[in-house]
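Residue-level structural notes
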Amino acid sequence: MPDDSRPSPIVLSRGSWAEARRIADVLRKETVGGVLLLAGALIALLWANSPWSASYEALIGFTVGPHALHLDLTLATWAADGLLAIFFFVAGLELKREFVAGDLRDPRRAAVPVAAAVGGVIAPAIIYLAVNRGGATEGWAVPTATDIAFALAVLAVVGRSLPAAMRTFLLTLAVVDDLLAIMIIAVFYTDDLAILPLLGALVPLGLFTWLVQRRVRSWWLLLPLAFAAWALVHASGVHATVAGVLLGFAVPVLPAAGEHGLAEHFEHRFRPISAGVAVPIFALMSAGVAIGGLEGLRSALSDPAAIGIILGLLAGKPIGILGATWLTARFTRARIDAGLHWIDMAGLAVLAGIGFTVSLLIAELAFGAGSVRDGHAKIAVLAGSLAAALVAGVLLRVRNRTYRRLQAEERVDSDGDDIPDVYRH
């Protein structure tokens, strides 16, 4: 007979105290990164639509790198292929850590956010394809990605009192979303596959894995191997950011006796670089699309590809996340945590419709960087993300009094042991 003695899983669970502290630290860094991301995007937009737009085009089109290694790339390509590899390396570390040592190592607890992330990818893709059937179907994946840094920047303004359970769910959903995005990029946006460089990448990747499994931390050994793996994946035709995820997965999570885990060590070193440098520079290099005034904006937003992206972000994301969460909760008998309701899940689901970093990357891969439709897609990503941020802000503001009360309860430590009382039940 099945064991019914175990407690039902919780849809919005605050998790353990150790995990809550770690996630709070991650979110603080990502929030700062989100502000820098928005600043980079705003500068790019203003610059590209100013009298000095030619200097912006000259900057992103400037070529640098060794020609002999086929790495003489534009600065925009270095940002998309190189800097975002750091972003995906950190995402790989975070995902592995969640499922190996975090609260998601329990399949019952992992089921809801994983299902929500999958639903949040499938529904926007379906909506986009429905709008663009027979047209620009190659852009179906643009509205499927959630930008955690952008979302957290919005939360810093409208949701400072959000309880730990909701922040944890949002981060977990976004991390799984990143993995799905990189799988989509690898499988669907690889045009010309060169087998020899791809097989060659296994050598530095294997050596990197062998060294980190033996807890080697020497940067002068690991960085050249990581760069070699990245360069060979780039040469293979597979998008080079895939190398970042594979390198992140190679790093061991569980600590050896008497020391911190290597994944924690690398995450501490590279997350500030990812959030504070890599992603904001990518935004600066990618978000600068010339709108062309009101007529240009009208033309861009009337493109079926743009309509599909906006509907995918604003409607597809919440429909997919809420639908998958409800179905999973129904079959696993999961329940909403005390004090929270489905309206809170709806606010998070709409917030997940903020797609920026990975959406811009996929738009370039789908339509060709610098093309007219790439420009329309980027305008749609910006418009859809802004609309999602505004709607989510309203939904979360409505429940702000409840969130403040729950957050105050999470801070009560009656016995002074530095562990809030709610984590002892």
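Residues numbered from 1 in each chain as written. Predicted model: local features only at pLDDT ≥ 70, side-chain atom pairs only at ≥ 80, totals over all residues. Heavy atoms only, no water.

1. A few points about the overall build of the protein
Broken down by element type, the protein carries 16 helices and two strands. At 22 Å, the protein has a C-alpha radius of gyration in line with the 22 Å of a compact globule built from 425 residues. If you line up the protein on its principal axes, its C-alpha atoms span 60 × 55 × 45 Å. The 425 residues of the protein split such that 54% are buried. The long-range fraction of contacts in the protein, counting pairs at least 24 apart against all pairs at least 6 apart in sequence, stands at 81%. By element, 67% of the accessible surface of the protein is carried by carbon and sulfur atoms, the whole surface being about 18,900 Å². (Helix = DSSP H or I, 4+ residues; strand = E, 2+ residues; numbered from the N terminus. Rg over C-alpha atoms; globule rule 2.2 N^0.38 Å. Buried < 20%, exposed > 50% of the residue type's maximum accessible area, 1.4 Å probe, protein only. Contact = heavy atoms within 4.5 Å. Areas by Shrake-Rupley, 256 points an atom, 1.4 Å probe, with all protein chains shown as cover.)

2. A word on the packing of aromatic side chains
On inspection of all chains with the given rule, the structure shows nine aromatic pairs. For the ring pair W78 and W230, a centre distance of 5.5 Å and an interplane angle of 20° mean the geometry is stacked. Placement of the pair is W78 in helix α3 (residues 75-100) and W230 in helix α8 (residues 219-236), with a sequence separation of 152 residues. What makes W230 buried here is its relative accessible area of 7%. Ring plane angle 80° and centroid distance 5.6 Å describe the contact between F150 and F356, whose orientation is recorded as edge-to-face. Of this pair, F150 sits in helix α5 (residues 148-158) while F356 is found in the loop between α13 (342-351) and α14 (357-367), placing the two residues 206 residues apart along the sequence. On the basis of relative accessible area, F150 is assigned to the buried category, the value being 11%. An aromatic cluster of at least three residues, connected via ring pairs, comprises W78, F227 and W230. (Phe/Tyr/Trp six-rings, centres within 6.5 Å; stacked < 30°, edge-to-face > 60°.)

3. Overview of the environment of H234
One can find H234 in helix α8. On the basis of relative accessibility, which here comes to 19%, the residue H234 falls in the buried class. Considered as a pair, H234 and D81 are 153 residues apart in the sequence and their alpha carbons are 7.9 Å apart. If sequence neighbours within four positions are ignored, H234 has contacts with H70, L71, L73, D81 and A240.

4. Structural notes on the confidence of the model for the protein
On average, the protein scores 87 in pLDDT, and the residues at 70 or more come to 94%. Contacts of residues 1-5 to residues separated by more than four positions or lying in other chains number zero contacts, the stretch itself having pLDDT below 50. (pLDDT = per-residue confidence, 0-100.)

5. Some thoughts on the nonpolar core
In this structure, L170, I309, L351, I354, F356 and F367 are the most contacted members of the largest nonpolar core, which totals 102 residues. Sort the elements by how many residues they give to this core and helix α6 (residues 164-188) lands first, with 14 residues. Grouped together as the second largest cluster of nonpolar side chains are 17 residues, L225, V251, L262 and F266 included. (Core = buried A, V, L, I, M, F, W, Y, C linked by side-chain atoms within 4.5 Å.)

6. Concerning the environment of G292
Tracing the backbone through its elements, the reader meets G292 in the loop between α10 (262-286) and α11 (293-301). Residue G292 is classed as exposed on the basis of its relative accessible area, which comes to 55%. Residues G292 and A48, 244 residues apart in the sequence, show an inter-C-alpha distance of 10.0 Å.

7. Overview of the packing of helix α4 (residues 107-131) against α6
Two elements in contact, α4 and α6, have axes whose closest approach is 9 Å; the angle formed by their N-to-C orientations is 50°. The orientation of α4 with respect to α6, classified from their angle, is oblique. Our pair here, α4 against α6, has a crossing hand that is right-handed. Residues V112, P113, V114, A116, A117, V118 and V121 of α4 lie in contact with α6, whose contacting residues are F169, T172, L173, V176, D177, L180 and I184. (Axes fitted to C-alpha atoms, helices over the stretch in contact; angles between N-to-C directions. Parallel < 35°, antiparallel > 145°, perpendicular 65-115°, else oblique. Left-handed = near helix turned anticlockwise from the far one by under 90°.)

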